[in-house]
Amino acid sequence: MNQREILTGEHFMNGDEASAEGAIAAGCRFFAGYPITPATEIAERMSRRLPEVGGIYIQMEDELASMGAILGASWAGVKTMTATSGPGFSLMMENYGLGVMTETPCVIVDIMRGGPSTGLPTLVSQGDVMQSRWGTHGDIGVIAFTPSSPQEMFDCTIKAFNLSEQFRLPVVVLGDEIVGHMTEKVVIPKKEDIKLYSRRKPKVKPNNYLPFAPDDDLVPPMACAGEGYNVHVTGLTHDERGYPVINAEAQEKLVGRIVDKIRKNANKIIEYEEIKTRGSDVVVVAYGSVSRCGKEAVRMARAEKMNVGLLRPLTIWPFPEKRLRKLSEKVKAFVVPEVNYGQIAFEVERCVASNSQTLLLPKMGGDIHTPEDIFKGIKEMI
Amino acid sequence: MDIERSRDRFAPHYLEHEKWKLGDYGAHPIDKYLRPGRIPHIWCSGCGLGISMTCFISALEESGLPLDKNCVVSGIGCTGRVAGYLKLDSYHTTHGRPIPFATGLKLGNPELTVTVFSGDGDLFAIGGNHFIHAARRNVDINVICVNNFNYGMTGGQVGPTTHLKARTTTTPYGNFEQAFNLPHVAVASGAVYVARWTTLHARRLKASIKEALLKKGFCFIEIIAPCPTAYGRRNRLGTGLNEMKYYKEHSVIRHNADPAEAELVLGGDILVGKFRDEEKPTFLDMQKEGTLDVMSGKGGSKK
Ligand SMILES: Cc1ncc(C[n+]2csc(CCOP(=O)(O)OP(=O)(O)O)c2C)c(N)n1
Ligand code: SF4
Ligand SMILES: [Mg+2]
């Protein structure tokens, strides 16, 4: 059975399928979901693939339940995932918060489509970027990826599992409809070339174990159900024993750490691609499917001897703030095409405002910018 | 009155439990099942939750099941706090979602015995959809619902089991919505074991919980319980003791009764007993038969 675990070789598959294969390769053995365009192919592939590798697929009654079920299975010691799109992502916000508060490793794939509400079920958007950051109530630490190809859907899903296990939180893969449905070559490496990380286990005996006392990296080792540690896990503000404590001090300590464990480890988490930013007057900041057109626009500008580069965040959260600040020392303007009416552009502006200008190229969804659209923006700022 | 808030403000013991040491209050036979330093609990005197939890502990003890493989999952509410007192792997989740969480826990590690302990509002209003689907799938978990006919934790609002005509903080003119008959809902949804007891029936309740713990499949137990602080006061039901007397006078034990007859009326009789106990393959049994056997060519329904 196990030779089916990792489908080493070259494939022609879409981003959704690649994400499912990434999950299986990362060791995901439990998937709970609810069908929704344009993420359904992930559930379909998982329903076929998980039984082949001894895992469990369950189609829940809704996304509230899907999110709840993957948290439960994660506490049973399994690597778990769900996949959805905007309307379902909205329903998941409640238990996404529970996952953050209880420091539960798991992965949520959100294939973004046009919103709000039912919006454009079959067409692209990047409207959930801020939802992944602030959609659940309260202050949280967040990790989210914005892949731009089926290959990256595969790679980022594995990375998402690794980071969720390392930092103990739900990690989001923010695909968009184009990336999810686009079919391209995907290379699946050999098993030994895929680096995997699993949650740290407590080294002490149950009597000496404080389930929410962190190690130096601010992450506590995790004892799962049935391991004899009798852990209490609650979404209420709790102390290091896991017991509810309802006061400001406990809130500061717990939620402060939950935010800080991502903030202070941001350097280890953040990934981005940079193209010809050195000496550039204008830098395009683009992510997901749009970044592909951004690259083409940069090529067009360069062909006309303009000094233009591109920064493509692969982790949209944590946001590469430091890098942008640094770039702003030399760059005149940043051009931000995104398929929403301004979400990441404001993040960019926040980082660069004291030195450079930011131009938002918005699009409400349904299709993405052409390279010419972005090139026009570049010319405006050069 | 929002009890959730006032209690955390006015119950200093709750914040200062660190000062309690074993020995300050002597050993009790069930101490080893409770988390040290968490007692006294937050529940009002006369509340049915203490008896409900104690019956669960006694049932667990008698079942002989290994404690380390037993988990309790709660939602939010006064009943939801059960998870915080039991010295087991215990999960206090979000309002209405303990059943999906428990489903994941059980399917993630089938060795575990998983029991959901939650309130009527949690399990049948906000979480009603999860209940019927988990029962339909016959996920191998136990669900214990403490039915106090209202939302105790938030100060006593109307809920899906509130008696017709009853007063709550949000039905000042009396409740005009029909109530759920929980055993009927459970049986209709596919539960393999369905029983109802009141907190007066401690021994029978314990026996039922033990049966559920040892039985495979989706088992449901409703516990009719007094909430003197919120529901009792507004409906002139008296103290917790008065309610226990009422249960004594008005409970009718009838095993195998048609659950359709188990409806509850304010001031009426309370039909209790074991209404359903049958064998059916669980979600995991079906998954094995339906998927794994087909894959390995061992039968099942091939196209
Ligand atoms: C999503 C959400 N909505 C509302 C609440 C507020 N709330 C807390 S407990 C509760 C009702 C509890 O009633 P029940 O489940 O019957 O438990 P009881 O307190 O009666 O034991 C509500 C509405 C919440 N915590 N979460
Ligand atoms: S409010 Fe009601 S249910 Fe809650 S602890 Fe008090 S008596 Fe019990
Ligand atoms: Mg209630």
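Residues numbered from 1 in each chain as written. Chains lettered and ligands numbered in written order. Predicted model: local features only at pLDDT ≥ 70, side-chain atom pairs only at ≥ 80, totals over all residues. Heavy atoms only, no water.

## Some thoughts on the overall build of chain A
Right, on to step 1. Scanning chain A from terminus to terminus reveals 13 helices and 16 strands.
Right, on to step 2. What you see for chain A is a C-alpha radius of gyration of 21 Å, in line with the 21 Å of a compact globule of 382 residues.
Right, on to step 3. The principal-axis extents of the C-alpha atoms in chain A amount to approximately 70 × 50 × 40 Å.
Right, on to step 4. Taking all 382 residues of chain A together, the buried fraction comes to 63%.
Right, on to step 5. Per element, the accessible surface of chain A, about 14200 Å² overall, is 50% carbon and sulfur. (Helix = DSSP H or I, 4+ residues; strand = E, 2+ residues; numbered from the N terminus. Rg over C-alpha atoms; globule rule 2.2 N^0.38 Å. Buried < 20%, exposed > 50% of the residue type's maximum accessible area, 1.4 Å probe, protein only. Areas by Shrake-Rupley, 256 points an atom, 1.4 Å probe, with all protein chains shown as cover.)

## Some details on the packing of helix 3 (residues 49–63) of chain B against helix 9 (residues 202–214) of chain B
Residues and elements named next belong to chain B.
Right, on to step 1. Axis separation between helix 3 and helix 9 bottoms out at 8 Å; the angle between their running directions is 50 degrees. What the angle tells us is that helix 3 and helix 9 run oblique. For the pair helix 3 and helix 9, the crossing hand works out as right-handed. For the pair formed by helix 3 and helix 9, the contact residues are Cys55, Phe56, Ser58, Ala59, Leu60, Glu62 and Ser63 on the first element and Ala202, Leu205, Lys206, Ile209, Lys210, Leu213 and Leu214 on the second.
Right, on to step 2. When its residues are assigned to classes, the contact of helix 3 with helix 9 shows nine nonpolar, two polar and three charged. (Axes fitted to C-alpha atoms, helices over the stretch in contact; angles between N-to-C directions. Parallel < 35°, antiparallel > 145°, perpendicular 65-115°, else oblique. Left-handed = near helix turned anticlockwise from the far one by under 90°. Contact = heavy atoms within 4.5 Å. Nonpolar A, V, L, I, M, F, W, Y, C, P; charged D, E, K, R; others polar.)

## Digging into the side chain of Ser63 of chain B
Residues and elements named next belong to chain B.
Right, on to step 1. By secondary structure assignment, the location of Ser63 is in helix 3.
Right, on to step 2. In this structure Ser63 comes out as buried when scored by relative accessible area, which is 12%.
Right, on to step 3. Of the polar contacts made by the side chain of Ser63, one reaches the backbone oxygen of Leu60; its length is 2.7 Å.
Right, on to step 4. The residues touching Ser63, leaving out its near neighbours within four places in the chain, are Lys210, Leu213 and Leu214. (Polar contact = N/O pair within 3.5 Å; in protein donor to acceptor, adjacent residues only side chain to side chain.)

## Overview of the coordination of the magnesium ion (ligand 3)
All names here are of chain B.
Right, on to step 1. Donor atoms from the polypeptide that bind the magnesium ion (ligand 3) are Asp120 (OD), Asn148 (OD1) and Asn150 (O), placed at 2.1 to 2.3 Å.
Right, on to step 2. All donors of the magnesium ion (ligand 3) belong to a single chain; written as a sequence motif, their spacing is D-x27-N-x1-N.
Right, on to step 3. The class for Asn148 is buried, based on a relative accessible area of 7%.
Right, on to step 4. Taking relative accessible area as the criterion, Asn150 reaches 3% and is therefore assigned buried. (Donors = N, O, S within 2.8 Å, 3.2 Å for Na, K, Ca; no water.)

## Examining the site of ligand 2
Residue and element names in this part refer to chain B.
Right, on to step 1. Around ligand 2 lies a shell of eleven residues, among which Cys44, Cys47, Cys78, Asn148 and Cys227 are the nearest.
Right, on to step 2. For the shell around ligand 2, the secondary structure elements donating two or more residues are helix 1 (3–10) and helix 10 (228–234).
Right, on to step 3. Class assignment of the residues belonging to the shell around ligand 2 gives a composition of seven nonpolar, three polar and one charged. (Near = heavy atom within 4 Å.)

## Focus: the domain arrangement of chain A
All names here are of chain A.
Right, on to step 1. As far as domains go, chain A holds domain 1 (9–193) and domain 2 (271–381).
Right, on to step 2. Here the C-alpha centre of domain 2 lies 26 Å away from the C-alpha centre of domain 1.
Right, on to step 3. Listed per partner, the contact involves 28 residues of domain 1 and 24 residues of domain 2.
Right, on to step 4. Together, the buried faces of domain 1 and domain 2 total about 2000 Å²; carbon and sulfur atoms form 55% of this surface.
Right, on to step 5. For the domain 1 face of the interface with domain 2, the top three residues by lost area are Gln126, Met130 and Thr146, together amounting to 31%.
Right, on to step 6. Summed over the shared surface of domain 1 and domain 2, the result is three salt bridges. (Domains from an automatic or database assignment. Buried area = accessible area lost by both parts, 1.4 Å probe. Salt bridge = Lys/Arg side-chain N within 4 Å of Asp/Glu carboxyl O.)

## Quick notes on the site of ligand 1
Residues and elements named next belong to chain B.
Right, on to step 1. In the vicinity of ligand 1 there are 17 residues, among which Cys78, Thr79, Asp122, Gly152 and Met153 approach most closely.
Right, on to step 2. Backbone polar atom of Asn150 to an oxygen atom of ligand 1: 3.0 Å apart, as the coordinates give it.
Right, on to step 3. In the environment of ligand 1, an oxygen atom lies 2.8 Å from a nitrogen or oxygen atom belonging to the backbone of Gly152.
Right, on to step 4. Here ligand 1, which alone exposes 590 Å², has 77% of that area covered by the protein.
Right, on to step 5. If you tally residues by element for the shell around ligand 1, the top one is helix 6 (residues 120–126), at four residues.
Right, on to step 6. Of the residues assigned to the shell around ligand 1, the class counts are five nonpolar, nine polar and three charged.

## Considerations on helix 11 (residues 321–328) of chain A
All names here are of chain A.
Right, on to step 1. When helix 11 is considered as a whole, its buried residues turn out to be Leu324, Leu327 and Ser328. Buried residues of helix 11 fall within an arc of 100 degrees about the axis and therefore sit on the same side.
Right, on to step 2. Looking at the buried positions of helix 11, the neighbouring elements they touch are strand 11 (272–275), strand 12 (282–285), strand 13 (308–313), strand 15 (333–338) and helix 12 (344–352). (Arc of directions from axis to C-beta.)

## With respect to the packing of aromatic side chains
Working definition: an aromatic ring pair is given by the centre-to-centre distance plus the angle between the planes.
Right, on to step 1. Counted under the stated rule, the structure contains 13 aromatic pairs over all chains.
Right, on to step 2. Both rings, one in Trp75 of chain A and one in Tyr91 of chain B, keep their centres 5.7 Å apart while their planes meet at 55 degrees; by these two values the pair is tilted. Taken together, the positions of Trp75 of chain A in helix 3 (residues 63–75) and Tyr91 of chain B in strand 2 (residues 89–92) put the pair across two chains. Both residues of the pair, Trp75 of chain A and Tyr91 of chain B, count as buried.
Right, on to step 3. Through a chain of ring-to-ring contacts, three or more aromatic side chains come together here, namely Phe124, Phe131, Phe180, Phe218 and Phe220 of chain B.
Right, on to step 4. The ring of Trp134 of chain A has Arg133 of chain A lying over it, and the distance from NZ or CZ to the ring centre is 3.9 Å. (Phe/Tyr/Trp six-rings, centres within 6.5 Å; stacked < 30°, edge-to-face > 60°. Lys NZ or Arg CZ within 6 Å of the ring centre and 35° of its normal.)

## Here's the deal with the interface of chain A and chain B
Right, on to step 1. In this assembly, 41 residues from chain A lie in contact with 43 residues from chain B.
Right, on to step 2. When chain A packs against chain B, close to 3400 Å² is buried across both sides, 58% of that on carbon and sulfur atoms.
Right, on to step 3. Looking only at chain A, the three residues that lose the most surface to chain B are Glu61, Asn230 and Tyr243 of chain A, adding up to 18% of its buried area.
Right, on to step 4. Linking chain A to chain B there are two salt bridges.
Right, on to step 5. Two residues, Arg97 of chain B and Glu94 of chain A, come together in a salt bridge whose shortest N-O distance is 2.7 Å.
Right, on to step 6. Here chain A and chain B share 19 residue pairs in polar contact (both at pLDDT 80 or more) between them.
Right, on to step 7. Breaking the side of chain A that touches chain B down by element, the ones donating at least two residues are helix 2 (40–52), strand 3 (56–59), helix 3, helix 4 (86–101) and strand 10 (232–234) of chain A.
Right, on to step 8. With eight residues, helix 3 of chain A is the single largest residue contributor to the side of chain A that touches chain B.
Right, on to step 9. A class-by-class count of the residues in the side of chain A that touches chain B yields 24 nonpolar, eleven polar and six charged.
Right, on to step 10. For strand 10 of chain A and strand 2 of chain B, the ladder comprises three bridges, and the chain directions are parallel. (Pairing = 2+ DSSP bridges.)

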